[in-house]
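Notes for the structure review
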There are 2 protein chains.
Amino acid sequence: MKHNGKTNPPGRVKIMKSFSALMKKKDFHSITTAEIAGNAKVTEGLIYKYFKDKKELLYQVLNEYFFEFLVKIEDRVANEKTCVDKLSVVIFSSLESYADNRVFSKILLLEVRNSLEFFNSCAYGRVRKYAGTILGIIEDGIQKKELKPDTDPYLLRKVILGAIEHACLGEIIFGRELDIEQVSSGIVNIVFNGVKA
Amino acid sequence: MKHNGKTNPPGRVKIMKSFSALMKKKDFHSITTAEIAGNAKVTEGLIYKYFKDKKELLYQVLNEYFFEFLVKIEDRVANEKTCVDKLSVVIFSSLESYADNRVFSKILLLEVRNSLEFFNSCAYGRVRKYAGTILGIIEDGIQKKELKPDTDPYLLRKVILGAIEHACLGEIIFGRELDIEQVSSGIVNIVFNGVKA
DNA sequence: TTTGTAAGTAAGCGTTACTTACCGACGCAA
DNA sequence: TTGCGTCGGTAAGTAACGCTTACTTACAAA
């Protein structure tokens with residue numbers, strides 16, 4: 001019997017919470033299904049009632065976190081007027097979410113990209129929404145002449161996303177603290193004004 | 001019996017080549033030791049004569065590729081005089097290597113970072129060397145007033161590395177072509193001059 | 001009362017990464 | 001030339017893993 005997704009039974013919630021807790025301490029591959037089930041106090045078989053396989057559990061957990069992430073970003077962006085302010089908010093909020101929810105950032109930055117299956121998941125759909133929002137802001141900024149007219153919007157998005165991710169990568173991998181304010185304003189300054197004297 | 005590293009027997013070479021070939025088509029987790037051995041025409045046990053485990057094989061393959069990568073980068077950087085030119089060469093050469101050797105970039109960007117073991121490997125030592133070179137160029141550029149005096153060298157390095165990686169990430173994941181020249185000059189332009197009108 | 005279905009269990013399945021014990025060939029010193 | 005250690009490689013396992021199957025229980029609607 002398969003789960004049709006219309007309900008959210010306690011077993012399913014327990015499995016996701018258990019997995020999420022384990023992801024705080026270990027990497028995906030070294031977490032076993034026995035561990036997930038034992039920690040959730042359900043049997044191993046139940047995992048496969050709600051999730052096609054172990055990876056889908058990973059994607060669904062990411063999907064839930066990404067939903068909250070998206071809501072926060074979209075909400076904050078809507079409060080800003082200029083392109084520069086909107087992008088600054090994107091950079092700050094992304095860093096904040098990555099710093100605050102280490103499981104979220106670990107999954108998104110370290111665990112899902114190695115498998116092509118991810119790119120067919122709901123979670124990846126949300127990633128595309130996030131990316132689409134940023135692209136929209138950039139294109140609007142070029143049109144309104146806030147950004148240089150020869151800016152390649154796709155490349156600028158890549159640079160911004162890459163800067164955000166790499167700026168907190170070490171901190172996420174090694175579990176260190178992150179000074180969001182400083183890193184965020186530093187990235188904003190480099191990307192908007194450049195570093196050449 | 002363990003391998004002491006003084007020799008490089010044909011079996012070891014065959015295993016690494018076989019694994020590398022498989023990494024062209026599949027991700028690390030879905031490659032089995034049976035597949036590696038079968039493809040290399042050796043027995044499965046021989047893998048564990050030369051490599052502690054499957055992950056160490058991954059790290060050693062990366063280590064070999066990173067060696068060539070480092071040589072090329074260091075060599076080209078030495079031919080440039082200004083900080084901007086040196087960093088431009090770093091950006092171009094990194095993108096070029098990532099585009100030319102997809103197995104190398106797949107391993108480095110998608111497969112090793114999820115496990116802390118990697119950060120004790122020789123390959124990671126080479127990553128640090130690469131990162132150290134970039135930091136040196138930046139610090140030199142600040143000192144020689146080519147770069148703005150308030151630049152945070154560590155953050156600038158992160159932005160550059162993040163930009164490089166994210167700029168080719170999609171192409172690496174989905175096996176698409178990459179216009180190195182265009183992407184490279186685009187990143188250089190954004191990072192040095194900024195995008196604000 | 002019956003029927004259908006969702007939630008959950010128990011036990012097993014084939015594969016996987018990895019281990020152990022062994023083999024033959026070669027170098028080399030006694 | 002015999003004995004011995006080492007190196008490259010093999011064969012045959014083993015425990016544990018991800019996942020499947022068949023089953024049970026609870027309960028709501030007809």
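Residues numbered from 1 in each chain as written. Chains lettered and ligands numbered in written order. Predicted model: local features only at pLDDT ≥ 70, side-chain atom pairs only at ≥ 80, totals over all residues. Heavy atoms only, no water.

1. Considerations on the overall build of chain A
What counts, and what does not: Each helix corresponds to a stretch of at least 4 residues labelled H or I by DSSP, and each strand to a stretch of at least 2 residues labelled E; elements are numbered beginning at the N terminus. For every residue, the accessible area (1.4 Å probe, protein chains only) is compared with the maximum for its type, and the residue is labelled buried under 20%, exposed over 50%, or partly exposed between those bounds. We call two residues in contact whenever any of their non-hydrogen atoms come within 4.5 Å of each other. Using the Shrake-Rupley algorithm and a 1.4 Å probe, accessible areas are obtained, with residue cover drawn only from the displayed protein chains. A residue counts as positive if it is Lys or Arg and as negative if it is Asp or Glu; His and the chain ends are not included. Think of each charge as sitting on NZ of Lys, CZ of Arg, CG of Asp or CD of Glu.
Helix and strand content of chain A: 9 helices and 0 strands. Order of helices (α) and strands (β) in chain A, N terminus to C terminus: α-α-α-α-α-α-α-α-α. C-alpha atoms of chain A, sized along the principal axes, occupy 60 × 35 × 30 Å. Scored against the burial criterion, the 197 residues of chain A give a buried share of 56%. Summarising the internal contacts of chain A: among those between residues at least 6 apart in sequence, 68% fall at separations of at least 24. Split by element, the accessible area of chain A, about 9400 Å² in all, is 53% carbon and sulfur. Across chain A, the mean location of the 30 positive side-chain charges is 6 Å away from that of the 25 negative side-chain charges.

2. A few points about the relation of the copies chain B and chain A
As a reminder, the rule being used: Least-squares superposition of the copies uses the C-alpha atoms of those residues scoring a pLDDT of at least 70 in each of them.
Least-squares fitting of chain B to chain A yields an RMSD of 0.0 Å, with the transformation described by 0.0 Å of translation along the axis and a rotation of 180 degrees. Taken together, the rotation and translation relating the two chain copies correspond to the operation of a two-fold axis. The fraction of interface residues of chain B whose copies in chain A are also interface residues reaches 100%, indicating that both copies meet through the same surface.

3. Considering the domain arrangement of chain A
All names here are of chain A. Here is the rule: Residue ranges assigned to each domain were obtained from an automatic or database domain assignment. Buried area: the accessible area, evaluated with a 1.4 Å probe, that two parts lose upon being put together, summed over both parts. Any Lys or Arg side-chain nitrogen located within 4 Å of an Asp or Glu carboxyl oxygen qualifies as a salt bridge. For this analysis, a polar contact is any N or O atom pair within 3.5 Å, provided that within protein one partner can donate a hydrogen and the other can accept it, and provided that sequence-adjacent residues contribute only side-chain to side-chain pairs. Amino acids are sorted into nonpolar (Ala, Val, Leu, Ile, Met, Phe, Trp, Tyr, Cys and Pro), charged (Asp, Glu, Lys and Arg) and polar (every other residue, Gly among them).
Its domain assignment divides chain A into domain 1 (1-51) and domain 2 (55-193). Just the C-alpha atoms count here: the centres of domain 1 and domain 2 sit 28 Å apart. Across the boundary between the two partners, domain 1 contributes 14 residues, which contact 12 residues of domain 2. A combined buried area of about 1200 Å² lies between domain 1 and domain 2, and 70% of that area is made up of carbon and sulfur atoms. Counting the surface domain 1 buries against domain 2, the share from its top three residues, Met16, Met23 and Phe28, is 44%. Joining domain 1 to domain 2, the criterion identifies 0 salt bridges. Linking domain 1 with domain 2 are 5 residue pairs in polar contact (both at pLDDT 80 or more). Tallied by class, residues from the side of domain 1 that touches domain 2 come to 8 nonpolar, 1 polar and 5 charged.

4. Re unusual backbone geometry
All names here are of chain A. A positive phi angle is found at Lys41, which is not glycine, with a value near 60 degrees. Along the chain, Lys41 falls in the loop between α2 (33-40) and α3 (44-50). Accessibility expressed as a relative area gives 73% for Lys41, which makes it exposed.

5. Comments concerning the protein's contact with DNA strand C
Here is the rule we go by: Throughout, the term near means that a residue has one or more heavy atoms lying within 4 Å of the molecule or strand in question.
Residues in close proximity to DNA strand C total 21 residues, the closest being Thr7 and Lys49 of chain A together with Thr33, Tyr48 and Lys54 of chain B. For DNA strand C, the backbone portion of the atoms within 4 Å of the protein, that is sugar and phosphate, comes to 57%. Contact between DNA strand C and Thr43 of chain A: a phosphate oxygen at 3.2 Å from a main-chain N or O atom of the residue. Between DNA strand C and Lys54 of chain B there is a distance of 2.9 Å, counted from a phosphate oxygen to a backbone nitrogen or oxygen. Secondary-structure elements contributing two or more residues to the surface near DNA strand C are α1 (10-25) and α3 of chain A together with α3 (44-50) of chain B. The residue makeup of the surface near DNA strand C, split by class, is 8 nonpolar, 9 polar and 4 charged.

6. Points about the protein's contact with DNA strand D
Around DNA strand D, a shell composed of 21 residues is seen, among which Thr33, Tyr48 and Lys54 of chain A together with Thr7 and Lys49 of chain B lie nearest. Counting only atoms of DNA strand D within 4 Å of the protein, the sugar-phosphate share comes to 57%. Measuring from a phosphate oxygen of DNA strand D, one finds a backbone N or O atom of Ile31 of chain A at 3.4 Å. With respect to DNA strand D, the backbone of Thr33 of chain A contributes an N or O atom lying 2.6 Å from a phosphate oxygen. Here the surface near DNA strand D gets 4 residues from one element, more than from any other, and that element is α3 of chain B.

7. Considering the packing of aromatic side chains
Where we set the bar: Each Phe, Tyr or Trp ring (for Trp, its six-membered ring) is paired with any other whose centre lies within 6.5 Å, and the angle between the two planes then decides the class: stacked below 30 degrees, edge-to-face above 60, tilted in between. The criterion is that NZ of a Lys, or CZ of an Arg, lies within 6 Å of the ring centre and within 35 degrees of the ring normal, and then a charge sits over that ring.
Inspection of every chain in the model, using the stated rule, returns 28 aromatic pairs over all chains. Ring geometry for Phe66 of chain A against Phe69 of chain A: centres 5.0 Å apart, planes inclined by 80 degrees, an arrangement best described as edge-to-face. Taken together, the positions of Phe66 of chain A and Phe69 of chain A, both in helix α4 (residues 54-78) and 3 residues apart, correspond to about one turn of that helix. Per residue, the accessibility class of Phe66 of chain A equals that of Phe69 of chain A, and both read buried. Taken together, Tyr65, Phe66, Phe69, Tyr98, Phe104 and Tyr130 of chain A form an aromatic cluster joined through their ring pairs. In this structure, Lys54 of chain B packs its charged tip against the face of Phe28 of chain B, placed 4.4 Å from the ring centre.

8. Concerning the pattern of salt bridges
Between side chains of opposite charge, a pair can form as their charged atoms come close. Residue and element names in this part refer to chain A. Tallied over the entire structure, the rule returns 20 salt bridges over all chains. Note that Arg113 and Glu165 form a salt bridge whose closest N and O atoms lie 2.8 Å from each other. Of the two residues, Arg113 sits in the loop between α6 (102-111) and α7 (122-143) while Glu165 sits in helix α8 (residues 153-174), which places them 52 residues apart along the sequence. Across the pair, exposure class does not vary: Arg113 and Glu165 are buried alike. Taken together, the shared-partner salt bridges in this structure form one network comprising Lys72, Arg76 and Glu96.

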